[in-house]
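Structural overview for review
Chain residues, written in single-letter form:
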Amino acid sequence: MAGSTRESPTAEAEAPSAAAAATASAPAAASVTPAAAVAIVPRRRVSPGLDAWRRFRRHRLALARAGILSLIVLTVVLGPVFWQVPINDIDFGATLSVPSWQHPFGTDDLGQDIFARVLYGGRISLAVGLAAMLVAVIVGTIIGALAGISRGFVDTGLMWLTDLFLSLPQLPLLLLIIYLFRDALKALAGPEFGIFVLIVAVIGGFRWMPVARLVRAQFFSLREKEFVEAARALGASTWRQVVHHMLPNALGPVIVAGTIEVAAAIIAESTLSFLGLGFPPDIPTWGRLLYDAKDHLDVAPHWALFPGAAIFLTVLTINFSGDGLRHTLDPRNVL
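Please read these numbers as outputs of a predicted model, since none were measured by experiment. Numbering of residues begins from 1 in every chain and follows the order in which that chain's sequence is written. Local features in this predicted model are restricted to residues whose pLDDT is 70 or higher, and side-chain atom pairs enter the listing and the counts only when it is 80 or higher, whereas totals over whole chains, interfaces and linings include all residues. Heavy atoms throughout the structure, all of them, feed into the side-chain values; hydrogens and water do not.

**Here we look at a nonpolar patch on the surface**
We apply this condition: Patch rule: a residue counts if its relative accessible area is over 30% and it has no salt bridge; like charges are joined within 9 Å, and nonpolar side chains (Val, Leu, Ile, Met, Phe, Trp, Tyr) within 5 Å. Accessible surface is estimated by sampling points in the Shrake-Rupley manner with a 1.4 Å probe; for residues, cover comes only from the protein chains shown. Salt bridge criterion: a side-chain nitrogen from Lys or Arg within 4 Å of a carboxyl oxygen from Asp or Glu. In this description a helix means any DSSP run of H or I spanning at least four residues, a strand means any run of E spanning at least two, and both kinds are numbered starting from the N terminus.
Nonpolar side chains collect at one region of the surface, where Val 73, Leu 74, Val 77, Leu 78, Val 81 and Phe 82 lie side by side and expose about 580 Å² of accessible area between them. Within the secondary structure, Val 81 is located in helix 4 (residues 60-82).

Okay, structure coming up:
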């Protein structure tokens, strides 16, 4: 008919194929639920401690040194349970004997077992290191936080005090203070505990300055951050800003500095004992063992070798573990 409209062959060919494609895709579309179409796999939440441990494991050298340090600590703490030789057991028939199965580290000039004395002295040296570190970190954190949050004469005065302590000759002052107050503390708290308190207080009292400067620098950076300014704008007090916002974010470098302070405190205690101003002669710290062995190095080098090796390995592993902690707690290394 002349008035009718005739469709093109191309349109007639495309229409069945489009209908077939729509029919084929209809069951598949119907089988997909709306939840599955927009499903997002929730990310597993990881605690900060577990995340730090994962990053610490990537530092293979620090992980190996931390294992060696753990072995040293376990040996020192649990060793006397399995090696029950008295530290003051004298055997004149075995004086200055070389290492053997009966005496793994040999004996001294009185026939006393050096292995048992190294185990006993290790507990004292590690306790002094940890206690002095706590004193230095606590004092340094308080002074650094006060200087970092304050302005004007408070910050100036505290930093002047820090610079004053940094300029003092530490070893002569340590020797002088211990010489002046050793007998008084012995009479007050006993020969062992009194000297322990004095050594910890003196070593910690001269090791807080680097921690204070570190905390102050962290506070200077943190108090200008957006989350601190937001807390300040919401009316948070200065105490709340420090305790809840600034101090937790400044503890990473403090923990790293604390590990270094442990090693420094162990060396300082060993130095004092080696100079004869540490613990009494009947308390065999590592430094005291070196002091007793210095006159027999030609005939009994093992007497000084094993305490010296214990100091060396402990300080080395602590420093490497601190380097691993620095790498772990550095925000730039967070993936």
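**Describing the packing of helix 7 (residues 170-189) against helix 8 (residues 191-205)**
Quick reminder of the rule: Angles here are taken between N-to-C directions and fall from 0 to 180 degrees, while the axes themselves are lines fitted to C-alpha atoms, restricted in helices to the stretch in contact. Helix crossings get a hand from a simple test, with the near helix turned counterclockwise from the far one by less than a right angle marking a left-handed crossing and a clockwise turn marking a right-handed one. What makes two residues a contact is simply this: any of their non-hydrogen atoms within 4.5 Å. Here the nonpolar group is Ala, Val, Leu, Ile, Met, Phe, Trp, Tyr, Cys and Pro; Asp, Glu, Lys and Arg are the charged ones; every other residue, Gly included, is treated as polar.
Following both chains from N to C, one finds helix 7 and helix 8 inclined at 145 degrees, their axes separated by 8 Å at the closest point. Once helix 7 is placed against helix 8, the crossing between them reads as right-handed. When helix 7 is examined against helix 8, the residues Leu 174, Ile 177, Ile 178, Phe 181, Arg 182, Leu 185, Lys 186 and Ala 189 are found in contact with a partner set consisting of Pro 191, Phe 193, Gly 194, Ile 195, Leu 198, Ile 199, Val 202 and Ile 203. Here the residues of the contact of helix 7 with helix 8 are counted per class, giving 13 nonpolar, one polar and two charged.

**Observations concerning the pattern of salt bridges**
This is how the line gets drawn: Exposure categories follow from relative accessible area, calculated using a 1.4 Å probe and restricted to protein chains: below 20% of the type maximum is buried, above 50% is exposed, and the middle band is partly exposed.
In total, this model carries seven salt bridges according to the counting rule given. Notably, a salt bridge pairs Arg 117 with Asp 108, separated by 4.0 Å at the nearest N-O pair. Using a relative accessible area of 4% as the deciding quantity, one classes Arg 117 as buried. The salt bridge partner of Glu 261 is Arg 207, with a shortest N-O separation of 2.9 Å. One end of the pair, Glu 261, is in helix 11 (residues 238-274); the other, Arg 207, is in the loop between helix 8 and helix 9 (209-222), with 54 residues separating them in the sequence. Owing to a relative accessible area of 5%, Glu 261 belongs among the buried residues under this scheme.

**Looking at the nonpolar core**
Across soluble globular proteins, nonpolar side chains have a tendency to be buried as a group. What counts, and what does not: Only buried residues count toward a nonpolar core. Its members are Ala, Val, Leu, Ile, Met, Phe, Trp, Tyr and Cys residues joined through side-chain atoms within 4.5 Å.
Core analysis: the largest hydrophobic core is formed by 35 residues, its most contacted members being Val 118, Val 215, Phe 219, Ile 266, Trp 286 and Ile 318. Ignoring anything within four residues of it in the chain, the contact list for Trp 286 reads Val 76, Val 118, Gly 121, Gly 122, Ser 125, Pro 307, Ala 310, Ile 311 and Thr 314. Val 128, Leu 198, Ile 203 and Ala 268 belong to the second-largest nonpolar core, a separate cluster that totals 18 residues.

**Topic: the packing of aromatic side chains**
So the rule is basically this: Side-chain rings of Phe, Tyr and Trp, where Trp is taken by its six-membered ring, are said to pair if the distance between their centres is within 6.5 Å; with planes under 30 degrees apart they count as stacked, over 60 as edge-to-face, and otherwise as tilted.
Tallying each qualifying case throughout the model produces six aromatic pairs. An angle of 80 degrees between the planes, with centres 5.4 Å apart, marks the rings of Trp 83 and Phe 115 as edge-to-face. Within this pair, whereas Trp 83 is found in the loop between helix 4 and helix 5 (114-149), its partner Phe 115 is found in helix 5, the two being separated by 32 residues in sequence. You can call Phe 115 buried: its relative accessible area is 17%. Here the aromatic rings of Phe 105 and Phe 306 are separated by 4.1 Å at their centres, their planes lie at 5 degrees, and the arrangement is stacked.

Interpretation note: all reported values are geometric properties and have no functional meaning in isolation.
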